[in-house]
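# Structural characterization, general
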Amino acid sequence: MKKNNFSFNLIEKKFQYELENYQLLYNAQPAQIRNHLHQQGKQIVQDILDGLSWIQFSFPEYIYLTDGVDSAWNKCWIAPRYRQQQVGHRLLRHFHIDIIHALLERFDELQSSSHQAVVFCVRLLRFLMAKELLATLSNGEQIIRLSKENKIPSLSQFSDHLISLRISFLNSSSETMSRVDRSNQLDKISTDQVFTNDGLQKLHHSDDFPEIFLELEISLRLLEIAFVIEPSIIEDPTFKQNYEFVITQYKSEGQAYARYQTMEIIRTIRERAAQNALNRGLSLSLPYFDDQALE
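Residues numbered from 1 in each chain as written. Predicted model: local features only at pLDDT ≥ 70, side-chain atom pairs only at ≥ 80, totals over all residues. Heavy atoms only, no water.

### Remarks on a nonpolar patch on the surface
Selection rule: Patches were defined on residues exceeding 30% relative accessible area and lacking a salt bridge, with like-charge contacts within 9 Å and nonpolar side-chain contacts (Val, Leu, Ile, Met, Phe, Trp, Tyr) within 5 Å. Residue-level accessible areas treat just the shown protein chains as cover; the underlying method is Shrake-Rupley with a 1.4 Å probe. Each salt bridge in this description consists of a side-chain nitrogen of Lys or Arg and a carboxyl oxygen of Asp or Glu lying within 4 Å of one another. The helix and strand labels rest on DSSP assignments: H or I over at least four residues marks a helix, E over at least two residues marks a strand, and numbering proceeds from the N terminus. Categorising residues by exposure relies on relative accessible area from a 1.4 Å probe, with only protein chains included: less than 20% of the type maximum marks a residue as buried, more than 50% marks it as exposed, and the intermediate range marks it as partly exposed.
Judged by side-chain polarity, L282, L284 and L286 come together as a nonpolar surface patch covering roughly 300 Å² of accessible area. Along the polypeptide, L284 turns up in the segment after α11 (237-274). L284 sits in the partly exposed class, given a relative accessible area of 47%.

### Description of the nonpolar core
Rules: In these notes, a set of buried Ala, Val, Leu, Ile, Met, Phe, Trp, Tyr and Cys residues joined through side-chain atoms within 4.5 Å is what counts as a nonpolar core. Note on definitions: a residue-residue contact is assigned when non-hydrogen atoms from the two residues lie within 4.5 Å.
One finds F57, M129, L222 and F239 to be the most contacted residues of the largest nonpolar core, which totals 68 residues. Here L222 is in contact with L49, L133, T136, L137, I143, L146 and I152, once residues within four sequence places are set aside.

### Observations concerning the environment of I44
Tracing the chain through its elements places I44 in helix α2 (residues 31-49). If we skip the residues at most four places from it in the chain, I44 touches I55, F57, L103, L125 and M129.

### Some points on the confidence of the model for the protein
Going by this rule: A score between 0 and 100, pLDDT records how confident the predictor is in each residue.
Chain-level statistics for the protein give a pLDDT mean of 77 and a share of 71% at 70 or above. Averaged over each element, pLDDT in the protein is lowest for strand β6 (residues 199-200) (34) and highest for strand β2 (residues 62-65) (95). Between residues 1-8, whose pLDDT stays under 50, and residues either more than four places distant or in other chains, the model counts 15 contacts. Note on residues 174-204: pLDDT is under 50 here. Beyond four places in sequence and across chains, it has 53 contacts.

### Describing the side chain of D47
Within the fold, D47 resides in helix α2. On the basis of relative accessibility, which here comes to 10%, the residue D47 falls in the buried class. Not counting the four nearest positions on each side in its chain, D47 is found in contact with L52 and I55.

### Describing helix α4 (residues 99-111)
A turn of α-helix holds 3.6 residues, and therefore any two residues three or four places apart point the same way. Heads up, the condition is: Multiplying one less than the number of residues by 1.5 Å gives the expected span of a helix.
In a regular helix each residue adds 1.5 Å, so 13 residues correspond to 18 Å; α4 covers 18 Å between its end C-alpha atoms and thus fits that length. Burial in α4 covers these residues: I99, I100, H101, L103, L104, F107 and L110.

### Re the packing of α2 against helix α5 (residues 116-136)
Note the following rule: Whenever a helix is involved, its axis is fitted only over the stretch in contact; in every case the axis is a line through C-alpha atoms, and angles between N-to-C directions fall within 0 to 180 degrees. Our angle categories are set so that under 35 degrees counts as roughly parallel, over 145 as roughly antiparallel, 65 to 115 as roughly perpendicular, and the remainder as oblique. By definition, any crossing whose near helix is turned counterclockwise from its far helix by less than a right angle is left-handed, and any crossing with a clockwise turn is right-handed. Ten residues, namely Ala, Val, Leu, Ile, Met, Phe, Trp, Tyr, Cys and Pro, are considered nonpolar, four, namely Asp, Glu, Lys and Arg, are considered charged, and the remaining ones, Gly among them, are considered polar.
At a closest axis distance of 8 Å, the pairing of α2 and α5 adopts a crossing angle of 60°. Overall, the two elements α2 and α5 adopt an arrangement that is oblique. As for how α2 packs across α5, the hand of that crossing is right-handed. Residues L37, H38, Q40, G41, K42, I44, V45, I48 and L49 of α2 lie in contact with α5, whose contacting residues are C121, L124, L125, L128, M129, E132, L133 and T136. Counted by class, the contact of α2 with α5 contains 11 nonpolar, 4 polar and 2 charged residues.

The structure is reproduced here in structure tokens:
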């Protein structure tokens, strides 16, 4: 897949237009077709989250399409050879399979078809998958399960696009966004506050950081998978709100953890100095948090 550098500001209107069209197209379908596509999108997302190396899905017999705003909606049949699809292979489940990349390649192949019903079915499926991933964020138990199992595929091949997405949201996000309760204590402690007459005050809840980071990482990956599958989802208000919150939290927690580690270095130096244990020098590994890579 080619790597492209692009500005999200230049294509905001295009994304908004596409998102509105997908919703109109979905609403125009009969309940039976909507249910079929919704269930397929939901199952594909669940297979991805379960770390499967193969995915099966199907298209309905037909969908309704229109040539324009004022035109009638016409039933367009989908040829039987397109209706059943499979990506990956169950016999390869023990090997590393980039199922998202394989799925996107299949989607691209189908969208290059001359059959418009197939093309728009794929577009609707991508749209519904992205919406399903957003819905997953509101399921706290699912996030905890995913954090423990951590089977979700990485998105390393999309790193350029995702960094651009993060920078775009970080630049526009408010620095006054509220932080989660667990980070308030560490995030608000200054150097003056941690020094006392008895040395360096012990910071609390440091063991919480790995768990916090893992949950944030899972939430961020769910959002970015939604974006990779259907880029227009960035214009969805739910996506904007959740993505801005997650990356701002990630940045705040990362900076807080770096400050905590810095305080630990200072505490170690003071302890060793008090014990006259610095005669042979000191080796330091300084903490650093990359706001763009979020690591």
